[in-house]
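Summary of structural features
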Amino acid sequence: MKTEKLLFALDVDEGWPPVGAEGVWCERVNGNYRLVNTPFFIPNLAFGDIFSAIPDEVNDHVFEFEVLKESGHSLIWVMNNKGIQTEVFIEVLKSIGCSVETLNQFSLMSIDVPPEVDIDALDPLLDTYEEEGLEYAFPVWRHPD
C-alpha cells in the first residue's frame, strides 16, 4: 500500500516540543488514514490507528484529527537526558515485540507496544532503566493495567 507523509501542527509551550510540526507516515484507508510509524510528539495517536484528518488548505498541516478505530497499540515516549547507553534496552524491547524509533537530536525514543506484548516482560525493563535515569511518558496506553 502506498504511504504518504502527513504534517501535524504542534502546540509549543515553553519550548516543548522542540519543533512546531511533526511528519508521520500514513496509508489511506477509505478516505481516512492509518498511522504506520510511531510519533514523537503527537498525543493520542498510536501505530495502526485509523483516523480522520483534513490538512489545512494553506500550509498542509493537520491541526485536528479524530481516531476512528484504535489499533490496540500503546505508545511510550522516552527521554534520555543523562546520556545513558540504550543499545541493550532497545535490543530487549525488540526481542519482546516492541519497535523503537529514535530522534537522537533531542535524545528521544518512541516505542510502539503492540497488543500482544507481554507487559510482565516490559514493566521490569522500564523500571530498571528508569532507575538508571530514563524518563517516560505514556501518551497512549491501551494495555490492561
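To be clear, the structure that these remarks concern was listed above.
A short tour of the structure in this document, coming up. (Residues numbered from 1 in each chain as written. Predicted model: local features only at pLDDT ≥ 70, side-chain atom pairs only at ≥ 80, totals over all residues. Heavy atoms only, no water.)

1. Some remarks on the sheet that holds strand β7 (residues 74-79)
Strands sit in the order β8-β9-β7-β10 across an open sheet of four strands; the sheet is antiparallel. Because the sheet does not close on itself, it has two edges, and the strands there are β8 (99-103) and β10 (135-140). Strand-to-strand, the axes of this sheet are offset by a mean angle of 20°, without reference to chain direction. Pairing of β8 with strand β9 (residues 108-113) involves five bridges; the strand directions are antiparallel. Each residue of the ladder has a partner; that of Thr 102, found in β9, is Met 109. Set on the sheet, helix α1 (residues 87-95) makes contact with β8, β9 and β10; between it and β9 the angle comes to about 15°. Packed onto the sheet, helix α2 (residues 119-132) meets β7, β9 and β10 and runs at close to 140° relative to β10. (Pairing = 2+ DSSP bridges. Helix = DSSP H or I, 4+ residues; strand = E, 2+ residues; numbered from the N terminus. Axes fitted to C-alpha atoms, helices over the stretch in contact; angles between N-to-C directions. Contact = heavy atoms within 4.5 Å.)

2. So, the sheet that holds strand β1 (residues 3-9)
Reading across from one edge, β5-β1-β2-β3-β4-β6 is the order of the six strands in this open sheet, with mixed pairing throughout. Only two strands of the sheet have a single partner each, and these edge strands are β5 (61-62) and β6 (65-69). Taken together, the seven bridges between β1 and strand β2 (residues 21-29) define a ladder with antiparallel strand orientation. Within the sheet, the bridge partner assigned to Phe 8 lies in β2 and is Glu 22.

3. Brief notes about a negative patch on the surface
Taken together, the side chains of Asp 118, Asp 120, Asp 123, Asp 127, Glu 130, Glu 131, Glu 132 and Glu 135 define an acidic patch exposed on the protein surface. The element contributing the most residues to the negative patch is α2, with six residues. Examined against the element boundaries, Glu 135 turns out to sit in strand β10. Residue class for Glu 135 comes out partly exposed when judged on its relative accessible area of 42%. (Patch = residues over 30% accessible without salt bridge, like charges linked within 9 Å, V, L, I, M, F, W, Y side chains within 5 Å. Areas by Shrake-Rupley, 256 points an atom, 1.4 Å probe, with all protein chains shown as cover. Salt bridge = Lys/Arg side-chain N within 4 Å of Asp/Glu carboxyl O. Lys, Arg positive; Asp, Glu negative; His and termini not counted. Charge placed at Lys NZ, Arg CZ, Asp CG, Glu CD. Buried < 20%, exposed > 50% of the residue type's maximum accessible area, 1.4 Å probe, protein only.)

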